[in-house]
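Residues per chain, in single letters:
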Amino acid sequence: MARSPASADPGRTRPAWLLPVLVGAFTTAVYCAFSWSQWIRWDVPSWDNAIFTQLLSAYASGHAPIVDIKGHGFNLLGDHFHPLLIVLAPIYAVFPSALTPMILQDVLFGISAAVVTRCALRVLRPAPAVAIGVAYALSFGLQNAVAVQFHEIALAVPLLALGMCALRERRWRAAALWSAPVALVKEDLGVTVATIGALMLGHALVPFARGWSRAVRRRWAELRAYTHRGAGRSAAHMHGAEDRVTADARHGEDRGAGQTSADPARAVLREPAARWGAALMVWGVLASALAVGVILPAFNPAGEFAYSDKIDLALLLRNPASVVVLQVVPVEKLVTWLLLLLIGAVVAVRSPLALVALPTLAWRMLSPNHGYWGPGWHYSAVLMPVVFVALVDAIDRLRNDADRARKAGSNVVRDGPARPRTEGGHAGSAAPSGRLTRDRSPLLPGEGAVLRTMARAAPWAALVVALAVGTQQPLAQLATAEAWQPDPHHDAKAAAVERIPHGASVATDLSLMNGLVSTTRVHWIGNGDDPAPEYVVVDRLSGTWGGEPPADVTGYARDMYGADYTVVSDEENIVVARRSA
């Protein structure tokens, strides 16, 4: 589990307190610039941002989250479980625009960058701490999430950063309280919350397990020695020695935990880490189970969990070995694993905190949907705070390991070379009391320098990887002139949006969806089961049509909705048609 913060905290000086704010502001500014670039270019990678804009508009109006883009009267709580998004509604009420959720996501990512930087400052000096903060800010998970605009995971990222940092610093209550709301962001994240709880509970159990293990090993060694020496001893004496193994193991549990209670379970539950961890595990599992099994099917028109095909359970039951194989096959999955390993400077896996990433990675890799496998879209965003806080924790652990190795080397020099072990498993000569010898330390003296070098290099390695990978990531577009050139059809698109009266129902493709969604009741033009909208807006150049847009928009609308339409305007391939009276 996580180590406590270093006693000499370089992050407590006043200038260092400013560094997390600066890194957070830098992150927010860069991502806001990218979002603004998308906005002026009318760049709409998917309908998701418009969907969440409709959701926030409904919440801000005090209504249920009805999102007509998904289908007329569709309650979005039947799609994914994200009730926590309601906390963003007041901000949308003040700034009602499809740009608002995009900027909110940028700000939330900036907050998470500040949190990760502050976490690093509790362990490292300012320069390497800022290197980790900037590497996090430029990580592929955040960049790809911003590129596909707003998704519900935007709320989970800063909450996970806060929860993971508190977990690393053994602030159990804070870790639980920051992590618990993550289960209300998306249905699968309850399992991630439960994993955080399991790490907390595991931390509380470690002293008891170590005490029990030491006692068993000690008594077992005595029993073996007795066996070698006791050829003439009675069986009763042998059974007595065996009984002492069990009895001493029980007492070892209590001694390992610093307790005198005869009930180890009760002693464990007195540990704050155990209480908060157990509560978090129960909450996380229940939240995911209720969301998938009860809430989502209840609100879904089909009465089922819409993404039940995320994992092919039948295949896994028929061939359990495929659980392992499917984690890395095909190669697209391996690329994701490799990128996660590299952004954590490889050493992040030294920390048990990295285990928090496994639930998200497991369901993604086991899914038959290839869209989940790669590093693109927003699916890796929730992994970024986990990997980088694990990196901070791993660096701290490497430095502690280096210190232990150095002390071991010093004591070996004082004590002389290690004595060979005898046949009975004991050293030929006991080491002086209170000194470490090579027999007792799992680390070799020469390892200290290597470990300390790894700890010093890790922040800069993470930054180099982020910069190198970043050349192929979305933010690299900001260095091009095209990123700042408005859409050449901007005036025609803006005029089409202005022609639609506020509150009117309109069916449209992707191109104008973000522009229309905050002022009209937008439907997706491909939903033929929707009632006939008042307006139909088509961009013949939109990628929605795959290069084959309808030549006769009114005829297309009539065939789709069974109503007659009249063309209101047709400028630069932007067609607005109004339903006839």
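Computed from a prediction, not measured in an experiment: that's the story for all the values here.

Draft legend 1. Focus on the overall build of the protein chain. The secondary structure content of the protein chain amounts to 21 helices and five strands. Here the protein chain holds 581 residues, and the buried ones make up 50% of them. Of the contacts formed within the protein chain by residues at least 6 apart in sequence, a portion of 74% connects residues at least 24 apart. Of the roughly 26300 Å² of accessible surface on the protein chain, a fraction of 62% belongs to carbon and sulfur atoms.

Draft legend 2. Molecular detail of the sheet that holds strand S4 (residues 565-571). Strand order in the open sheet made by the five strands is S2-S1-S3-S5-S4, with mixed pairing throughout. Edge positions in the sheet fall to strand S2 (521-524) and S4, since each has one partner strand and no second. Mean inter-strand twist for the sheet, computed between neighbouring axes without regard to direction, equals 25°. In this sheet, S2 lies alongside strand S1 (residues 505-508) in parallel orientation, the contact comprising four bridges. Following the sheet pairing, Ala507 is matched in S2 by His523. Each of S1, S2, strand S3 (535-539), S4 and strand S5 (574-579) touches helix H21 (residues 553-561); the most contacted strand, S4, lies at about 140° to it.

Draft legend 3. Structural view of the packing of aromatic side chains. In the structure shown here, the tally under the stated rule is eight aromatic pairs. Measuring from centroid to centroid gives 5.4 Å for Phe52 and Phe150, while their planes differ by 75°, and the two rings are edge-to-face. With Phe52 in helix H2 (residues 48-60) and Phe150 in the loop between helix H6 (140-147) and helix H7 (153-168), this pair connects stretches of sequence that are 98 residues apart. Using a relative accessible area of 6% as the deciding quantity, one classes Phe52 as buried. We classify Phe150 as buried; its relative accessible area is 0%. Lying over the aromatic face of Phe74, Lys70 brings its terminal NZ or CZ to 5.9 Å of the ring centre. For the cation-ring pair, Lys333 lies above Trp373, with the distance from its terminal atom to the ring centre recorded as 4.6 Å.

Draft legend 4. Up close: the UniProt feature "transmembrane region" (unreviewed entry) in the protein chain. UniProt tags residues 16-36, 84-111, 123-142, 148-167, 276-299, 336-357 and 377-395 as "transmembrane region" (unreviewed entry). Measuring from the first to the last C-alpha atom of residues 148-167 gives 30 Å, for a span that is 75% helix and 0% strand.

Draft legend 5. Layout of helix H15 (residues 331-343). Compared with an ideal rise of 1.5 Å per residue, which puts 13 residues at 18 Å, H15 spans 19 Å between its outermost C-alpha atoms and is within 8% of the ideal. Listed as buried for H15 are Lys333, Thr336, Leu339, Leu340 and Ile343. Angularly, the buried residues of H15 cover 125° about the axis, an arc narrow enough to put them on a single face. Taken from the residues just after H15, Ala345 is the one with a positive phi, measuring 55°.

Draft legend 6. A look at the pattern of salt bridges. Scanning the entire structure with this criterion turns up 16 salt bridges. Taking the shortest distance from any N to any O, the salt bridge between Asp570 and Arg540 comes out at 3.4 Å. Placement of the pair is Asp570 in strand S4 and Arg540 in the loop between S3 and H21, with a sequence separation of 30 residues. Residues joined in a network through salt bridges with shared partners are Arg168, Asp393, Asp396, Arg397 and Arg399.

Draft legend 7. Region of the structure containing the packing of helix H8 (residues 172-179) against helix H12 (residues 272-299). With their axes 9 Å apart at the nearest point, H8 and H12 run at an angle of 10° to one another. One way to sum up the angle between H8 and H12 is to call them roughly parallel. Two secondary-structure elements touch here, H8 through Trp172, Arg173, Ala176, Leu177 and Ser179 and H12 through Pro272, Ala273, Trp276 and Leu280. For the contact of H8 with H12, a count of residues per class yields seven nonpolar, one polar and one charged.

Draft legend 8. Geometry of the nonpolar core. Grouped together as the largest cluster of nonpolar side chains are 131 residues, with contacts concentrated most on Ile69, Phe109, Ile132, Leu167 and Leu391. Per-element accounting of this core gives the leading share, 13 residues, to helix H17 (residues 383-415). Taken domain by domain, this core gets at least three of its residues from each of domain 1 (17-201 + 274-395) and domain 2 (490-579). Apart from residues lying up to four places away in sequence, Ile132 is in contact with Val116, Ala120, Leu124, Phe388, Leu391, Val392, Ile395 and Pro459.

Draft legend 9. Layout of a nonpolar patch on the surface. A cluster of nonpolar side chains, Val323, Val324, Val325, Val328, Val329, Val331, Leu334 and Val335, forms an exposed patch at the surface whose accessible area comes to about 630 Å². Of all elements in the fold, only helix H14 (322-325) and H15 reach the threshold of two or more residues within the nonpolar patch. On the accessibility criterion, Val323 (32% relative accessible area) is partly exposed.

Draft legend 10. Broad picture of unusual backbone geometry. A cis amide bond, omega 5°, links Val329 with the succeeding residue Pro330. Its place among the elements puts Pro330 in the loop between H14 and H15. Backbone geometry places Ala345, a non-glycine residue, at a positive phi of 55°. The residue Ala345 is located in the loop between H15 and helix H16 (358-366) in this model.

Draft legend 11. The arrangement of the pairing of S3 in detail. Summarising burial for S3: five of the five residues are buried, a large majority. Burial along S3 is two-sided: the residues Tyr535, Val537 and Asp539 and Val536 and Val538 are all buried. Here three bridges tie S1 to S3, and the two strands are oriented parallel to one another. Bridged to Ala507 within S3 is Val536. Alignment of S3 against S5, held across five bridges, turns out to be antiparallel. Paired with Val537 across the bridge in S5 is Val576.

Draft legend 12. Broad picture of the packing of helix H4 (residues 99-121) against H6. Packing of H4 against H6 brings their axes to within 10 Å, and their N-to-C directions diverge by 170°. Judged by the angle between their axes, H4 and H6 are roughly antiparallel. Helix-helix and strand crossings are classified by hand; for H4 and H6 the assignment is left-handed. Across from Gln105, Asp106 and Phe109 in H4, the residues of H6 making contact are Leu142, Ala145 and Val146. Across the contact of H4 with H6, the residue classes break down as four nonpolar, one polar and one charged.

What counts as what
Residues numbered from 1 in each chain as written. Predicted model: local features only at pLDDT ≥ 70, side-chain atom pairs only at ≥ 80, totals over all residues. Heavy atoms only, no water. Helix = DSSP H or I, 4+ residues; strand = E, 2+ residues; numbered from the N terminus. Buried < 20%, exposed > 50% of the residue type's maximum accessible area, 1.4 Å probe, protein only. Contact = heavy atoms within 4.5 Å. Areas by Shrake-Rupley, 256 points an atom, 1.4 Å probe, with all protein chains shown as cover. Pairing = 2+ DSSP bridges. Axes fitted to C-alpha atoms, helices over the stretch in contact; angles between N-to-C directions. Phe/Tyr/Trp six-rings, centres within 6.5 Å; stacked < 30°, edge-to-face > 60°. Lys NZ or Arg CZ within 6 Å of the ring centre and 35° of its normal. UniProt positions renumbered as here; feature names shortened; annotations may be inferred. Expected span 1.5 Å × (residues − 1). Arc of directions from axis to C-beta. Salt bridge = Lys/Arg side-chain N within 4 Å of Asp/Glu carboxyl O. Parallel < 35°, antiparallel > 145°, perpendicular 65-115°, else oblique. Nonpolar A, V, L, I, M, F, W, Y, C, P; charged D, E, K, R; others polar. Core = buried A, V, L, I, M, F, W, Y, C linked by side-chain atoms within 4.5 Å. Domains from an automatic or database assignment. Patch = residues over 30% accessible without salt bridge, like charges linked within 9 Å, V, L, I, M, F, W, Y side chains within 5 Å. Left-handed = near helix turned anticlockwise from the far one by under 90°.

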